[in-house]
Amino acid sequence: MPLNKEIILAIDGGGTKTDLAAGEGNGRIDFLVSGPSTNLKSRPENTVKADLYRMLDSLFLESDYSKEAITAISVAAAGGDRLEDKVRWREWFLDYGIKPRDITVMNDCLAPLTAATKRKEGLVLIAGTGSIAYYFKKDGRAIRAGGWGYLLGDEGSGYDIGNRALRRVLESHDGRRKGGGALCASVLTHFGLEGPMELITYVYEANYPREAIAGLGRKVIELAEAGNNDALAIMAEAIQELERLLSAIYAADAKSRNGSLVISGGLFQSTFFRQAFESSIRKAGHQQAVILSHYPPVIGAYMCALLEKMDHISDEIEENIAKSWQAAKTIKIDGGLVDE
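To start, this report covers the structure provided alongside it.

What counts, and at which threshold
Residues numbered from 1 in each chain as written. Predicted model: local features only at pLDDT ≥ 70, side-chain atom pairs only at ≥ 80, totals over all residues. Heavy atoms only, no water. Salt bridge = Lys/Arg side-chain N within 4 Å of Asp/Glu carboxyl O. Helix = DSSP H or I, 4+ residues; strand = E, 2+ residues; numbered from the N terminus. Buried < 20%, exposed > 50% of the residue type's maximum accessible area, 1.4 Å probe, protein only. Pairing = 2+ DSSP bridges. Axes fitted to C-alpha atoms, helices over the stretch in contact; angles between N-to-C directions. Phe/Tyr/Trp six-rings, centres within 6.5 Å; stacked < 30°, edge-to-face > 60°. Lys NZ or Arg CZ within 6 Å of the ring centre and 35° of its normal. Contact = heavy atoms within 4.5 Å. Parallel < 35°, antiparallel > 145°, perpendicular 65-115°, else oblique. Nonpolar A, V, L, I, M, F, W, Y, C, P; charged D, E, K, R; others polar. Expected span 1.5 Å × (residues − 1).

Take the pattern of salt bridges next. Where charged atoms of side chains with opposite charge meet at close range, the side chains can pair. For the coordinates displayed, the defined rule picks out 25 salt bridges. Here Lys 329 makes a salt bridge to Glu 62, at a shortest N to O gap of 2.7 Å. You can see Lys 329 sitting in strand E11 (residues 329–332) and its partner Glu 62 sitting in helix H1 (residues 45–62), a full 267 residues away along the chain. Judged by relative accessible area, which is 38%, Glu 62 ranks as partly exposed. Close ionic contact of Glu 121 with Arg 119 constitutes a salt bridge, the shortest N to O distance being 3.4 Å. On the basis of relative accessible area, Glu 121 is assigned to the partly exposed category, the value being 22%. A relative accessible area of 46% means that Arg 119 is categorised as partly exposed.

Further remarks concern the sheet that holds strand E8 (residues 142–146). The 5 strands are arranged E8-E7-E6-E9-E10 in an open sheet whose pairing can be described as mixed. Every other strand in the sheet has two partners, leaving E8 and strand E10 (290–292) as the edge strands with one partner each. Looking at each pair of strands side by side, their axes are set apart by 20° on average, direction ignored. Bridge count between strand E6 (residues 122–127) and strand E7 (residues 131–136): 6 bridges; the pairing is antiparallel. Each residue of the ladder has a partner; that of Ile 126, found in E7, is Ile 132.

With that settled, the discussion passes to the packing of aromatic side chains. As enumerated under the stated definition, the model contains 11 aromatic pairs in all. With a centroid separation of 4.7 Å and an interplanar angle of 45°, the aromatic rings of Phe 191 and Tyr 202 are classed as tilted. Separated by 11 residues along the polypeptide, Phe 191 in helix H5 (residues 181–191) and Tyr 202 in helix H6 (residues 198–204) bring together distant segments of the chain. Three or more aromatic residues joined by ring pairs form one cluster here, namely Tyr 53, Phe 60 and Tyr 96. The ring of Trp 148 has Arg 144 lying over it, and the distance from NZ or CZ to the ring centre is 5.1 Å. Sitting over the face of the ring of Tyr 250, Arg 257 holds its NZ or CZ atom 4.3 Å from the ring centroid.

On to the pairing of E6, then. Regular strands show a simple pattern: their side chains alternate between the two faces of the sheet. Burial analysis of E6 places 6 of its 6 residues in the buried class, which makes it a mostly covered element. Burial along E6 is two-sided: the face carrying Gly 122, Val 124 and Ile 126 and the face carrying Leu 123, Leu 125 and Ala 127 are both buried. Of the pairings in the sheet, the one linking E6 to strand E9 (residues 261–264) comprises 4 bridges and is parallel in character. Following the sheet pairing, Val 124 is matched in E9 by Val 262.

As a further point, take the sheet that holds strand E4 (residues 70–77). Judged by pairing direction, the sheet is mixed, and its 6 strands sit side by side in the order E5-E4-E1-E2-E3-E11 without closing on themselves. Each edge of the open sheet carries a strand with a single partner, namely strand E5 (102–107) and E11. Averaged over neighbouring strand pairs, the angle between their axes works out to 15° when direction is ignored. Of the strand pairs in this sheet, strand E3 (residues 29–36) and E11 are connected by 4 bridges, and their pairing is parallel. If you follow Leu 32 over to E11, its bridge partner there is Thr 330. Lying on the sheet, H1 is in contact with strand E1 (7–13), strand E2 (17–24), E3, E4 and E11; it crosses E3 at an angle near 150°. Across the face of the sheet, helix H10 (residues 297–307) comes into contact with E1, E2, E3, E4 and E5 while running at roughly 135° to E1.

So, on to the packing of helix H4 (residues 158–174) against helix H7 (residues 209–225). Axis separation between H4 and H7 bottoms out at 6 Å; the angle between their running directions is 80°. On the basis of their axis angle, the class for H4 and H7 is roughly perpendicular. Every residue of H7 that contacts H4 at Gly 158, Tyr 159, Ile 161, Gly 162, Asn 163, Ala 165 and Leu 166 is listed here: Arg 210, Ile 213, Ala 214, Leu 216, Gly 217, Val 220 and Ile 221. Here the residues of the contact of H4 with H7 are counted per class, giving 9 nonpolar, 4 polar and 1 charged.

This part takes up H4. Over its 17 residues, H4 runs 24 Å from end to end, which matches the ideal 24 Å to within 8%, given 1.5 Å per residue. Those residues of H4 that are buried are in contact with H5, H6, H7, helix H8 (229–252) and helix H9 (271–283). Phi turns positive, to about 90°, at Gly 175, one or two residues after H4.

Here you go:
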């Protein structure tokens, strides 16, 4: 590696997995690393730190990077706008031996927003393992709704959908709800179980029950697309919850309606779910353009690092990003899942 080559590390830490992109200041992405979740509210701090270091170890092993070549780090993490989490992320990199000029730790909502718009302002709605709506203003202030985690909220998320499905299965098993046989059979098949009673052990003794339940959300959407009435009802309830998040933002600041709405997260990867969501918000009178970025959030985190040094992402830099990110060498650490 040339001595004057400066490297940017960008991290998108989600509830299901963590992505790391390593690239140059001209927009060339060299490496993409995928690993386990780094959500500090659902996994122990020591485990998160160890997994981050495994990702960094793999990056330095596969590349010709030196730690001294890392000039900037941009972290988009769940809770990244909380002071205590900012401090922890910074300390982890310094303890690892990386001492860049800039370490920026931000809320993970900024990554998909910037990936879609090349700016750090606007309205974004995330529906993945968890759910949250965020409106970032030009003056740096922000308004949020949701994002309280699976124990206190995350309505409309993959976890919420999976949890609603499990409750329906158990209610049907108890006789508290009529029907639901097809949903029950699909849920048990998804988990590889024989009967509803096995769900107790499977869920409560899972290493990461949140991820197990959230993963069921995608199956429920598949069932809804196939016409299952229970799944359709669950999906409709989830979409209503996402609309409530948006309505709270609109009520707090009417200007949030003026621009586009960026959507992100694993649920919106389903064309069926995305179209149902858009149809629902149109019926509710929300006419904003809806944007789903063709870049993953980690590329948005990388763009955020660039925007710390420049006014905008130039066409030349974006062209370099577009040409390089899918061709970048991919490294996968055990524990990372396919998508959030």
